[in-house]
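Residues per chain are reported as follows:
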Protein chains: 2
Amino acid sequence: MTDVVQHILDDVYALCAQDTSGAVADYIPELASAEPERFGICLTTADGYVYEVGDTRVPFTIQSVSKPFTYALALADRGEEAVAAKIDVEPSGEPFNEISLDPVTERPRNPMIIAGAITAASLVAGDTPGEQFERIRRSFSRFAGRDLELDAAVHASEAATGHRNRAIGHMLRSFGVVESDPDAAVDLYFRQCSLTVTGRDIALMAATLANNGTNPCTGVVAADPVLTERVLSVMTTCGMYDGAGDWVNRVGLPAKSGVAGSVMAVLPGQLGISVFSPRLDGHGNSVRGVLACRELSRRLELHFLHVGRAARSAVRARYSLVDAPSRRRRTASEQRTLAERGSRARIFELHGDLLFSAAESVVRAVTPAADETPPDAVVLDMRRVDDVSGVARSMLDALADQLRTAGCAAGLVDPRGTMAHTVSTLADRNGSGRVFATLDSALRWAEDVVLDRWCDGPRQATEVSLAEHPVLAAATPDHRDGIMALTTTVRHAPGTVVADVGDPALGLALVLSGRVTVEFVSDDDVVRPVSTLSAGMSFGEIPLVRRSEFGLRITAVEDTEVAVLAPADFDRLRVEDPAATADLVITLLDRAYEQVETIVGALRQRTT
Amino acid sequence: MTDVVQHILDDVYALCAQDTSGAVADYIPELASAEPERFGICLTTADGYVYEVGDTRVPFTIQSVSKPFTYALALADRGEEAVAAKIDVEPSGEPFNEISLDPVTERPRNPMIIAGAITAASLVAGDTPGEQFERIRRSFSRFAGRDLELDAAVHASEAATGHRNRAIGHMLRSFGVVESDPDAAVDLYFRQCSLTVTGRDIALMAATLANNGTNPCTGVVAADPVLTERVLSVMTTCGMYDGAGDWVNRVGLPAKSGVAGSVMAVLPGQLGISVFSPRLDGHGNSVRGVLACRELSRRLELHFLHVGRAARSAVRARYSLVDAPSRRRRTASEQRTLAERGSRARIFELHGDLLFSAAESVVRAVTPAADETPPDAVVLDMRRVDDVSGVARSMLDALADQLRTAGCAAGLVDPRGTMAHTVSTLADRNGSGRVFATLDSALRWAEDVVLDRWCDGPRQATEVSLAEHPVLAAATPDHRDGIMALTTTVRHAPGTVVADVGDPALGLALVLSGRVTVEFVSDDDVVRPVSTLSAGMSFGEIPLVRRSEFGLRITAVEDTEVAVLAPADFDRLRVEDPAATADLVITLLDRAYEQVETIVGALRQRTT
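Residues numbered from 1 in each chain as written. Chains lettered and ligands numbered in written order. Predicted model: local features only at pLDDT ≥ 70, side-chain atom pairs only at ≥ 80, totals over all residues.

### Concerning the overall build of chain A
Next, step 1: Regarding its fold elements, chain A presents 23 helices and 23 strands.
Next, step 2: Against the 2.2 N^0.38 benchmark of 25 Å for 608 residues, chain A shows a C-alpha radius of gyration of 35 Å, more extended than a compact globule.
Next, step 3: For the C-alpha atoms alone, the extent of chain A along its principal axes is close to 110 × 55 × 45 Å.
Next, step 4: Scored against the burial criterion, the 608 residues of chain A give a buried share of 53%. (Helix = DSSP H or I, 4+ residues; strand = E, 2+ residues; numbered from the N terminus. Rg over C-alpha atoms; globule rule 2.2 N^0.38 Å. Buried ≥ 20, exposed ≤ 12 C-beta atoms within 10 Å, placed from the backbone.)

### Re the packing of helix H8 (residues 163-174) of chain A against helix H9 (residues 182-193) of chain A
All names here are of chain A.
Next, step 1: H9 packs onto H8 with a crossing angle of 135° between their chain directions and a minimal axis gap of 9 Å. As summarised for this structure, H8 and H9 are arranged oblique, according to the angle between their axes. Like other packed secondary-structure pairs, H8 and H9 cross with a definite hand, here right-handed. From H8, Asn 165, Arg 166, Gly 169, His 170, Leu 172 and Arg 173 reach across to H9, where they touch Pro 182, Asp 183, Ala 185 and Val 186.
Next, step 2: In terms of residue class, the contact of H8 with H9 is made up of four nonpolar, three polar and three charged. (Axes fitted to C-alpha atoms, helices over the stretch in contact; angles between N-to-C directions. Parallel < 35°, antiparallel > 145°, perpendicular 65-115°, else oblique. Left-handed = near helix turned anticlockwise from the far one by under 90°. Contact = placed C-beta atoms within 7 Å. Nonpolar A, V, L, I, M, F, W, Y, C, P; charged D, E, K, R; others polar.)

### A short note on the interface of chain A and chain B
Next, step 1: Counting from both sides, the interface comprises 95 residues of chain A and, opposite them, 95 residues of chain B.
Next, step 2: For the side of chain A that touches chain B, the element with the highest residue contribution is helix H23 (residues 578-607) of chain A, accounting for 17 residues.
Next, step 3: When grouped by side-chain class, the residues that make up the side of chain A that touches chain B number 46 nonpolar, 27 polar and 22 charged.

### Structural notes on the relation of the copies chain A and chain B
Turning one copy of the chain about an axis and sliding it along that axis gives the other copy, so a rotation and a shift relate them.
Next, step 1: In the superposition of chain A on chain B (RMSD 0.3 Å, axial shift 0.0 Å), the rotation amounts to 180°. Put plainly, the chains are arranged around a two-fold axis.
Next, step 2: The overlap is high: 99% of the interface residues of chain A also sit at the interface in chain B, so the same surface is used on both sides. (Least-squares fit on C-alpha atoms with pLDDT ≥ 70 in both.)

### Re the pairing of strand E8 (residues 262-267) of chain A
Residue and element names in this part refer to chain A.
Next, step 1: The buried fraction of E8 is high, at six of six residues.
Next, step 2: Neither face of E8 is open: one carries Ser 262, Met 264 and Val 266, the other Val 263, Ala 265 and Leu 267, and all of them are buried.
Next, step 3: Where strand E7 (residues 255-257) meets E8, three bridges bridge the pair, whose relative direction is antiparallel. Within E8, the residue paired with Lys 256 across the bridge is Met 264.
Next, step 4: Hairpin remark: E7 followed by E8, antiparallel, with four residues in the connecting loop; positive phi at Gly 261, about 115°. (Pairing = 2+ DSSP bridges.)

### What about the sheet that holds strand E6 (residues 195-197) of chain B?
Consider a sheet: its strands pair through backbone hydrogen bonds, and that pairing is either parallel or antiparallel.
Residue and element names in this part refer to chain B.
Next, step 1: If you walk across this open sheet you meet the three strands as E4-E6-E5, and the pairing is antiparallel. Where the open sheet ends on each side, the last strands, each with one partner, are strand E4 (60-61) and strand E5 (149-150).
Next, step 2: Pairing between E5 and E6: two bridges, direction antiparallel. The residue bridging Glu 149 from the neighbouring strand is Thr 196, located in E6.

### Some words on the confidence of the model for chain A
Low-pLDDT portions of the prediction should not be read for the details of their coordinates.
Residue and element names in this part refer to chain A.
Next, step 1: Of all residues in chain A, 92% have pLDDT values of 70 or greater, and the mean over the chain is 87.
Next, step 2: Segment residues 602-608: pLDDT under 50, and seven contacts once partners within four positions in sequence are set aside and those in other chains are kept.
Next, step 3: Scored as a complex, the prediction yields pTM 0.75 and ipTM 0.74. (pLDDT = per-residue confidence, 0-100.)

### Re the sheet that holds strand E8 (residues 262-267) of chain B
Residue and element names in this part refer to chain B.
Next, step 1: Reading across from one edge, E3-E2-E9-E8-E7 is the order of the five strands in this open sheet, with antiparallel pairing throughout. Taken across any chain shown, the strands that pair with only one partner, and hence form the sheet edges, are strand E3 (50-54) and strand E7 (255-257). Direction aside, the axes of adjacent strands within the sheet are offset by 10° on average.
Next, step 2: As judged from the six bridges shared by strand E2 (residues 40-45) and strand E9 (residues 271-276), these two strands associate in the antiparallel manner. Bridge pairing in E9 links Ile 41 to Val 275.

### Re the UniProt feature "binding site: substrate" (unreviewed entry) in chain A
Residue and element names in this part refer to chain A.
Next, step 1: UniProt feature "binding site: substrate" (unreviewed entry): in the numbering of this structure it lies at Ser 64, Glu 158, Asn 165, Tyr 189, Tyr 241 and Val 259.
Next, step 2: Residue Tyr 189 is classed as buried on the basis of its 27 C-beta neighbours within 10 Å.
Next, step 3: Within the secondary structure, Val 259 is located in the loop between E7 and E8. (UniProt positions renumbered as here; feature names shortened; annotations may be inferred.)

### What to know about the nonpolar core
Next, step 1: If you look at the biggest cluster of nonpolar residues, it comprises 289 residues, and the most contacted ones within it are Ile118(A), Ala206(A), Cys293(A), Ile118(B), Ala206(B) and Cys293(B).
Next, step 2: Contacts of Ile118(A), omitting those with residues within four sequence positions, involve Ile168(A), Gly169(A), Leu172(A), Val178(A), Ala185(A), Val186(A) and Tyr189(A).
Next, step 3: Listed in part, the 76 residues of the second largest apolar core include Ile483(A), Ala475(B), Ile542(B) and Ala580(B). (Core = buried A, V, L, I, M, F, W, Y, C linked by C-beta atoms within 7 Å.)

### Looking at helix H1 (residues 4-17) of chain B
Next, step 1: An ideal rise of 1.5 Å per residue puts 20 Å on 14 residues; H1(B) measures up with 20 Å between its terminal C-alpha atoms.
Next, step 2: Those residues of H1(B) hidden inside the fold are in contact with helix H15 (356-366) and helix H16 (390-405) of chain A together with E2, E3 and helix H13 (287-300) of chain B. (Expected span 1.5 Å × (residues − 1).)

### With respect to the packing of helix H7 (residues 152-161) of chain A against H9(A)
Residue and element names in this part refer to chain A.
Next, step 1: Where H7 contacts H9, the axes come no closer than 9 Å and their chain directions differ by 145°. In this structure, the crossing between H7 and H9 has a hand that is right-handed. Residues His 155, Glu 158 and Ala 159 of H7 form the contact with H9, whose own contacting residues are Asp 187, Phe 190, Arg 191 and Cys 193.

### Observations concerning unusual backbone geometry
Next, step 1: The residue Glu106(A) is not glycine, and still its phi comes out positive at about 55°.
Next, step 2: Looking at the secondary structure, you find Glu106(A) in the loop between helix H4 (80-84) and helix H5 (114-123).

### Remarks on the pairing of strand E9 (residues 271-276) of chain A
All names here are of chain A.
Next, step 1: Extensive coverage of E9 is indicated by the burial of six of its six residues.
Next, step 2: Burial of the side chains of E9 extends over both faces: Leu 271, Ile 273 and Val 275 are buried on one face and Gly 272, Ser 274 and Phe 276 on the other.
Next, step 3: Sheet topology places E8 next to E9; six bridges connect them, and they run antiparallel. When the bridges of E9 are listed, Ala 265 appears paired with Ile 273.
Next, step 4: The hairpin turn running from E8 into E9, its antiparallel successor, is three residues long, and Gly 269 in that turn takes a positive phi close to 85°.

### Digging into the environment of Gln132(B)
Residues and elements named next belong to chain B.
Next, step 1: Mapping Gln 132 onto the fold places it in helix H6 (residues 129-144).
Next, step 2: Looking at Gln 132, the number of C-beta atoms within 10 Å reads 25, which means it is buried.
Next, step 3: Measuring from C-alpha to C-alpha, the distance between Gln 132 and Ala 392 comes to 41 Å, with 260 residues separating the pair along the chain.
Next, step 4: If we skip the residues at most four places from it in the chain, Gln 132 touches Val 124, Gly 126 and Leu 188.

### Notes on the environment of Phe143(A)
Next, step 1: Looking at the element boundaries, Phe143(A) is found in helix H6 (residues 129-144).
Next, step 2: When neighbours within four sequence positions are excluded, Phe143(A) is seen to be in contact with Phe69(A), Met205(A), Thr208(A), Asn215(A) and Ala222(A).

### Comments concerning the environment of Ala32(B)
Residue and element names in this part refer to chain B.
Next, step 1: Turning to its location among the elements, Ala 32 is positioned in helix H2 (residues 29-32).
Next, step 2: We classify Ala 32 as partly exposed; it has 14 C-beta atoms within 10 Å.
Next, step 3: In the structure, Ala 32 is positioned 246 residues away from Pro 278 in sequence and 9.2 Å away in space, judged by C-alpha atoms.

Structural data, given as structure tokens:
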């Protein structure tokens, strides 16, 4: 089956291969001898998957594509301030090999021109040039995910002919920009440029930059995320020499080109691209490299300023307890109160990545208007949120604080710990209970907040007698007595597993007092809470009726009394007292349908 | 309640207000008389919400902040190529008011320096300078969402003293860059610079750029999205004069500054910022403007190259029919086949925005390996996908085509029409039926695909007799006869609404032949399909048992025969034949619990 992405790459390749303009660099014989028709494109995703076409495994010297990586290393070794004192970050508007410094600052204009690159190399840590070079080679190798080596012939040739670069070195020394032996600094730069790479290597180095500085294949950290951002910034404004403006305009990817014919481009967070084709244009950039990057950017919509769609709110849905009650059974007075006051608890379902703008839309939606009474409770449902940035987290923290100050309880549904930091903050400040693994538990909590404030009538009982249990309450007294006679009451201490996944049917279990948790246990033993049952509730109906195994784990969380109608006794009842059986089963059916309706209601809400 | 975002803005404001360095522009008296202590920050979201602090409603002249907008207008009026022939897009590395052109191209280096801005103004359509100015004024007003006006005093003063700019005008004329009267072009530029705005205006103009060129408050299109991207590109490399590199490095927002003391910055897709404070630094940028933008970018993490998190796949979950069967009842032979072959249909649940990289991860996940037999069916569940870019859409189209060529059926769950284009494509090519509103309908379809290929045994019946109907099949023959005697059989023509939302309980309805659809109808009359019921299935149990109204709409889609046990007859049965009632209700309970288990299973999967 032809690969869809591969097909696009092949197409771009075929188009760009037709362009045979430009000329191979010829200032040293080793570059002049390059096969001009060589052409390879490689695209590596930020998770390390490689697409390639053409000559992507042919070795060539890295040349100026080395500059961002040495700059990153200098920043790591000396710190941003020390490096900024030596090298500016301004586009030069001059050819890359100008023998001049900025007349005002007396510094190289940026690390992507040769003067800046030699300075950056000189700043790499190491007691000797040999140590410095080894440090550079190892750093590059971390980006590439394999051990890179020097092309001695190219290095020798550069060293023999690089008079202009030596002139730049001495100029840098005379202005005190380079503080060590300028010939050694220039030679270090020559060696760095003579490291051998392939198109695949460059694409993975680019993907490592795209992946915040971590090599996606080896998992090794090649550069700190902050420095990666700095390097990508300089590549944006200065990477394509004096063609930088047109590049940003037409391609819109931080990039760097090298005189051997390679172009490296990065879409932060997403992918790295390398193109290799030795013929260069007047700027010194690979003709097909520029063309292929332009085509890929256009067809794949990679421009970093491209906005896919209009702004949208991070709030996917908002509703109140009136629209979506919890699954908990409530007394009549509780129901009345919730019908009347349920809108005082608001639930906001969020989605997407929460960076500043998204968090702002959440804060705006949740914050009550100045003339509005704050609600009793706010629940943020984070289950559809993918990522929360630092600023978004602190904004949501501040929002929760403000809500609490205004007398409004704040809860989070966050089973994956997306707001991990906030969870612990909340726990510290308020004890536990405001971060919930399920929406239903958050809704129950919000209902309790509203009820504590407004409900004067009878609240959910903490115990019921067997005769009062709602499953039996609808039966006629005769039928009820018949059923009660067949049940056995059992007491469970806290922590007792009453029924576990795979257990045979226990029978119909009616909770008379205490509390049990119902948990889902996955095959790999991940436990997730489903619900909590208290007096007046029941479990075990499904295994009883379907004669199936338990699919959930039931555990007593406090001293709990349960009346059980065992399967054999249920069968006996059915034969001996069919009318009582019909009473009981119709009640169970009613409760089952109620459950279906509640679940369907919840689903409906979620799929709107 | 204090606003969280407002608090951050206030904080940045207080910090930057401490800096009193720099000097007010003094080349004309009107600017020199500006109150140096004036300071305002305004942040407007891409959906038009405004945060502001300080002097955001004080009028000042727009000055160079006008340049990107006139450039956008010139691009719209003349086309990209014609404008590119006159103005380059390269950073100049020179002061903004240099009286020189690029020595090679003989063009102004970019539209953000004065030479480029005068050229851009001269390119605006209009038969007279007056018409051209009115066109500029109206365009700016669309960005600002209100009618902007000229400050005649500033204009007169600029006109009286702007000799350097006139010199630039004549230089442009002498090189043929400006083809009309250079004095008129320069005066047009002076007038454009003398339009009066406030910090709120500038922030909304920036937000309009952030919102793809559409003013979020008025909904008016001020510029085409493609041109907006071009303008933001030029602002990125050239917007902050010779401080552009440092700006990208430290702020990372496309921006433009003006000599009256304003700075405008844009985060594409998200927000616009304006800062106004008249004291300027050596580059001609507002001191507090630069400082405030730097602080806001740092605190709010607004750098456009900032990557919030490591790359992630757009595939949220993948499973097969074995893990998640549809809710349709299947015959024993069908069940056996699905147990054995169900993994031949694969479901991929996608999420987030699908741009190139996300679509690539989908294609990679779905495409079978070269040595792998393609599956029978693939379902892409798009319900959690927010936005699909053009390239992602065409990639998914191509993927679906390739799957079909390989003999694999491809279906989409896409109730919101996220893949609208594909829906019609699929319908054209294959007839309808491959785009589904619900996951369950897609699962049923995928099951049918697998069964058509692999199931030799009996398939789901197209009709059943009442005695064979599964709801009655479990009862003893005596009980069954008793129930059957109470039912009435009704035939419905295609299109008949059998029961509608709000209808009273109809009774237990057993489908004997034909097919009915079950639909959910929202309060605002949006209809969503829930399921299709055929022979052997039933409906109406819930309203019967709960004595509630119908919550769904049931419509016959073909000639359909339904046997109904009405509520009164059910009550009679309960009194006269409790054992038959118990039989019937236990069957219904079994089916209800099966439904609960299926729904819970589906939910479980979705929340993993």
